[in-house]
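These are the residues of each chain, in order.
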Amino acid sequence: MSNWRRAWMQLAYQKSGPLRPAAPFLAPLSDLYGAIANRRRTAARKNTPRSCGVPVISVGNITVGGSGKTPLAQYIIKRLRQIERRPGVLMRGYKRKSDQTLVLTPESFNASQIYACGDEAALYAFRHEIPVGVAAKRAEAAPLLLDQTDCDALILDDGFQHFQFHRDIDLVLINGDAPFGNRHCLPLGPLREPLSALSDADAFIVHGGEVEFPNLKEKPIFKGELEWALVYPFQQWRTGNFDAGAPIDELKQKRAALLSGLGDPARFEQQARRLGVDVAAHYAFADHHWFSAKEIEGVAENHDAIITTEKDAMRLLALDSSIENFADKFFIIQAQWKMKDDDAFIQWLQTQIGRTGL
């Protein structure tokens, strides 16, 4: 994590740090940002987009940074399959190296597509065998995805602020350990829009600590955790052999470096230390950072074991032959979302879908 980002996080969540003297100057910009965001949402309430003909479930949040949306979406996909739905995913492919509208299918996916579609879209297709539509304007990908696959439900990834596409169910994920920071919008605080926007959510998913919601007690609140489930040698993981992961306890007392390009690298490191990993170093790059061969070589030359996430592993996979000399040093964590009251959530979700009539 850069020194600048660390300083901003201190200001946004702890009201402290070297950027604190700048707070009076950032406050007017935050007010303006919040006013514009509020105006966009107000306009969106009056101009609801037309349904695409299948249930659409948005998984989003109200703060910047990582909050576990992708593992939560993967969990919802599994639950949709349990109730005999065939889900697909719509996403913009943040930080991808293309502006094309793409449809990925598990059958046709290959590593050469990773740069064009982005790490998360590639992860859905490669690891979770989910068809994915990728477009800056996700409404453009939806008809292609529905036409080219047999999807009868869609997950809108990071969709809470995406007003150009109809949503039937709006789920908002909240980090209970640091829910709303200083409660200011960007750039002074971490909010993407004022907290009043939460009134449009259909339900909240909380992981970590308890959250005090402002005047929203009538909304369903489900609690869960992001847990490390299995660990794979990268050489095995890259082949698509996901049936023989090792128990996560094998990492206990293991001395290893961490490699990440995540929205919340601190949480990744906390999870590793909580498990008992002897963390030798943490190479924390920006979220969705495209690793270079030189960067990976620099990390691998100094450590015999390197632990990273599946999302990061997709960007390692994109390096292709550049990683061959170091591939055996990498270990991939499979993280899974675990809902505290799984049955209650499935029942609620099924009821909400039933109300759509789709």
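Below, the structure is looked at part by part.

Here we come to the overall build of the chain. Helices and strands together make up the secondary structure of the chain, namely 11 helices and 13 strands. The C-alpha extent of the chain, read off along each of the three principal axes, is 55 × 55 × 40 Å. Counting the 358 residues in the chain, one finds 53% classified as buried. For the chain, restricting intrachain contacts to residue pairs at least 6 apart in sequence, the fraction spanning at least 24 positions comes to 74%.

For the structure on display, the rule yields 13 aromatic pairs. Ring plane angle 85° and centroid distance 5.6 Å describe the contact between F126 and F242, whose orientation is recorded as edge-to-face. In this pair, F126 sits in helix α5 (residues 119-127) while F242 sits in the loop between α7 (234-237) and β9 (246-247), placing the two residues 116 residues apart along the sequence. The exposure classification of F126 matches that of F242, with both residues buried. Measuring from centroid to centroid gives 6.2 Å for F234 and W237, while their planes differ by 25°, and the two rings are stacked. Separated by 3 residues within a single helix, F234 and W237 lie in helix α7, roughly one turn from each other. Summarising the burial analysis for this pair, F234 and W237 share the class buried.

Turning to helix α3 (residues 69-82), a few remarks are in order. Given a rise of 1.5 Å per residue, 14 residues ought to cover 20 Å, and the 20 Å separating the end C-alpha atoms of α3 matches this to within 8%. α3 sits mainly inside the fold: 11 of its 14 residues count as buried. Turning to α3, its buried residues number three or more, namely K69, T70, P71, L72, A73, Q74, Y75, I76, I77, R79 and L80. Phi turns positive, to about 65°, at E84, one or two residues after α3.

The next thing to look at is the nonpolar core. In terms of nonpolar packing, the biggest core is built from 63 residues, with I76, F234, W237 and F345 touching the most fellow members. Those residues in contact with I76 that sit more than four places away from it in its chain are I57, V59, I155, L171, F345 and L349. The next biggest cluster of nonpolar side chains, apart from the first, holds 17 residues, and it includes A256, L275, V279 and I333.

With that settled, consider empty space enclosed by the protein. Enumeration according to the criterion identifies 1 cavity of 30 Å³ or more in this entry. Volume-wise, the largest cavity comes out at about 40 Å³. Together, N61, I62, T63, S67, L173, I174, N175, A178 and P179 line the largest cavity. Residues of the lining of the largest cavity, tallied by class, amount to 5 nonpolar, 4 polar and no charged.

Turning next to the pattern of salt bridges. If you walk through the whole model with that rule in mind, you get 20 salt bridges. Where K311 meets E120, a salt bridge forms, and the shortest distance between an N and an O atom there is 3.7 Å. Note that K311 is positioned in helix α10 (residues 310-317) and E120 in helix α5, a separation of 191 residues in sequence. With relative accessibility at 13%, the residue K311 sits in the buried group.

Attention now moves to the packing of α5 against α10. Close contact between α5 and α10 brings their axes to 9 Å; oriented N to C, the two are set at 95°. With respect to α10, the axis of α5 lies roughly perpendicular. For the pair formed by α5 and α10, the contact residues are D119, E120, A122, L123, F126 and R127 on the first element and E310, K311, M314, R315 and L317 on the second. Here the contact of α5 with α10 is composed, by residue class, of 5 nonpolar, no polar and 6 charged.

What follows covers the pairing of strand β7 (residues 203-207). Two faces make up the sheet, and in a regular strand the side chains alternate between them. Burial runs high along β7: 5 of the 5 residues are buried. Of the two faces of β7, both are covered, the one formed by A203, I205 and H207 as well as the one formed by F204 and V206. Two strands pair when backbone bridges link them, and strand β6 (residues 169-175) and β7 are joined in this way by 5 bridges, in the parallel orientation. Bridge pairing links L173 to I205 in β7. Pairing of β7 with strand β8 (residues 221-233) involves 4 bridges; the strand directions are parallel. When the bridges of β8 are listed, H207 appears paired with G224.

Calculation rules
Residues numbered from 1 in each chain as written. Predicted model: local features only at pLDDT ≥ 70, side-chain atom pairs only at ≥ 80, totals over all residues. Heavy atoms only, no water. Helix = DSSP H or I, 4+ residues; strand = E, 2+ residues; numbered from the N terminus. Buried < 20%, exposed > 50% of the residue type's maximum accessible area, 1.4 Å probe, protein only. Contact = heavy atoms within 4.5 Å. Phe/Tyr/Trp six-rings, centres within 6.5 Å; stacked < 30°, edge-to-face > 60°. Expected span 1.5 Å × (residues − 1). Core = buried A, V, L, I, M, F, W, Y, C linked by side-chain atoms within 4.5 Å. 1 Å grid on protein atoms, 1.4 Å probe; cavity = no way out; pocket = protein on both sides within 12 Å on 5 of 7 lines; lining within 4 Å. Points joined across faces, edges and corners; volume = space filled by probe spheres on them. Nonpolar A, V, L, I, M, F, W, Y, C, P; charged D, E, K, R; others polar. Salt bridge = Lys/Arg side-chain N within 4 Å of Asp/Glu carboxyl O. Axes fitted to C-alpha atoms, helices over the stretch in contact; angles between N-to-C directions. Parallel < 35°, antiparallel > 145°, perpendicular 65-115°, else oblique. Pairing = 2+ DSSP bridges.

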